[in-house]
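For reference, the chains in residue letters:
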Amino acid sequence: MNLNLNPLKLDRQDVMRRAHRRARQLRMITRALLDTDHPILAQIVPMRRCNLSCAYCNEYDKTSNPVPIDEMHRRIDRLGELRTAIVTLSGGEPMMHPELDDIIRRIRERGMIAGIITNGFYLSPERIRRLNASGLEYLQISIDNVEPDEISNKSLKTLDRKLQHLAAHATFHININSVVGAGMRNPEDPLRIAQRARELGFSTSVGLLHDESGQLKPLSEREKAVYDECVRMGEGLYTRINDFQRNLILGRPNSWKCRAGARYLYICEDGLVHYCSQQRGFPGVPLKDYGVADIRREFHTEKSCAPFCTIGCVHRASTLDRFRPPTLLGFGKPYAARHHSRLPVIQ
């Protein structure tokens, strides 16, 4: 097996694929800066069931059936009509869906960037080649520890062979996410995970362990140091947008505009749009009925959970609007001020 462990040693096709991905990302950023009436990122659940039972997770069950493929097509098409830039398949475990490759192809056919968040257990060489053929553009695995324990089996020990398969066969971008959190049995684990990922040529990111409402659990001094080193090792825009994490680690709230429901959508297996995986029920509108008016409303809606929120995908999808001139955020006058006397605040 010929593992390409050095990210600098790329063949011509690798260079072209990376250049193509980068061009698509730049187009996405440009369009997002010019227009706030479309989602940047949508996470959609094709299957709530999971093959694992991580003790901390509230995003899976053991009984649900996959969302029928015709319904998934309708949901992907609706995201395309909303001019969504990126669609990420999550779960549960999305790779348990029997027609996952067809869903990925549908995303690409609608001109959107296609990604997946998976626990990695189904990544055989043959399955990776099928993902290549489907047009998948990026994949993320979150690894919780070095050795499996009673909390999580998503460990470096159980997944290292899968990571080697990815290094040998994948043509899509791979990011390995580790998590720093209070009370972890082995605080050094995230650092070892990031080091192994870099050895294999993958990008890395680090998140903060949150509770069931997406809020932070305070870190020790050693955990803070591990976090800093993991950030230093990371690369790419996703990892570098981390000022919100640094404030939270220091116990400081973030003053920011959460754009969940507008720039970021979370679509559950029932086809409802929510702010995020930890705030399901808000706004709870069917995707088929979700439109520009909903996006404009939620763009300005205050979320009471925002100051201590750790949900990185929402922070990062909201970040681009910080760089827009205020006059562009509603043509000189906020949409909310023009159309609402009072904004709803989630509890």
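Quick note: structure is the one above.
All of these numbers come straight from a predicted model, not from anything done at the bench. (Residues numbered from 1 in each chain as written. Predicted model: local features only at pLDDT ≥ 70, side-chain atom pairs only at ≥ 80, totals over all residues. Heavy atoms only, no water.)

Side note on the packing of aromatic side chains
With the rule as written, the count across this model stands at one aromatic pair. Each ring, one from Y275 and one from F282, has its centre 6.4 Å from the other, and the planes form 10°; the classification is stacked. We classify Y275 as buried; its relative accessible area is 5%. Of note, R259 hangs over the ring of F299, and the distance from its end group to the ring centre comes to 3.8 Å. Taking the ring centre of Y275 as reference, the NZ or CZ of K303 above it sits at 4.9 Å. (Phe/Tyr/Trp six-rings, centres within 6.5 Å; stacked < 30°, edge-to-face > 60°. Buried < 20%, exposed > 50% of the residue type's maximum accessible area, 1.4 Å probe, protein only. Lys NZ or Arg CZ within 6 Å of the ring centre and 35° of its normal.)

Let's talk about the pattern of salt bridges
Tallied over the full model, the rule gives 28 salt bridges. Across the pair R24 and E137 runs a salt bridge, and its minimum N-O distance is 2.8 Å. Residue R24 is found in helix α1 (residues 12-34), and its partner E137 is found in the loop between α4 (125-134) and β4 (138-143); the two are separated by 113 residues along the sequence. The class for E137 is buried, based on a relative accessible area of 5%. A salt bridge links D228 to R246, with the nearest nitrogen and oxygen atoms 2.9 Å apart. Of this pair, D228 sits in helix α7 (residues 221-233) while R246 sits in helix α9 (residues 243-249), and the two are 18 residues apart along the sequence. Note on D228: relative accessible area 37%, which makes it partly exposed. (Salt bridge = Lys/Arg side-chain N within 4 Å of Asp/Glu carboxyl O. Helix = DSSP H or I, 4+ residues; strand = E, 2+ residues; numbered from the N terminus.)

Overview of the sheet that holds strand β3 (residues 113-118)
Strand pairs in the sheet, formed through backbone hydrogen bonds, run parallel or antiparallel to each other. What the nine strands build is an open sheet, ordered β6-β5-β4-β3-β2-β1-β7-β8-β9; its pairing is mixed. This sheet does not close on itself; its edge strands, each paired only once, are β6 (203-208) and β9 (283-286). Across this sheet, the average inter-strand angle for adjacent strands is 25°, counted without regard to direction. Across six bridges, the pairing between β4 and strand β5 (residues 173-180) is parallel. Bridging from a neighbouring strand, I143 pairs with S178 of β5. Each of β5 and β6 touches α7; the most contacted strand, β6, lies at about 150° to it. (Pairing = 2+ DSSP bridges. Axes fitted to C-alpha atoms, helices over the stretch in contact; angles between N-to-C directions. Contact = heavy atoms within 4.5 Å.)

Describing the environment of K154
Residue placement: K154 occurs in the loop between β4 and α5 (156-169). Take K154: its relative accessible area is 12%, and that puts it in the buried class. The spatial distance from the C-alpha of K154 to the C-alpha of D144 is 5.6 Å, given a sequence separation of ten residues. When sequence neighbours within four positions are dropped, the list of residues in contact with K154 reads L52, C54, Y56, N119, F121, S142, I143, D144, N145 and L159.

Notes on the packing of helix α2 (residues 69-81) against helix α3 (residues 100-109)
Two quantities define a packed helix pair, namely the angle between the axes and the distance from one axis to the other. Between α2 and α3, the least distance of the axes is 10 Å, while the angle of their chain directions is 20°. Judged on the interaxial angle alone, α3 and α2 are roughly parallel. Between α2 and α3 the crossing geometry is right-handed. Contact residues: I69, M72, H73, I76 and D77 in α2; D102, I103, R106 and I107 in α3. (Parallel < 35°, antiparallel > 145°, perpendicular 65-115°, else oblique. Left-handed = near helix turned anticlockwise from the far one by under 90°.)

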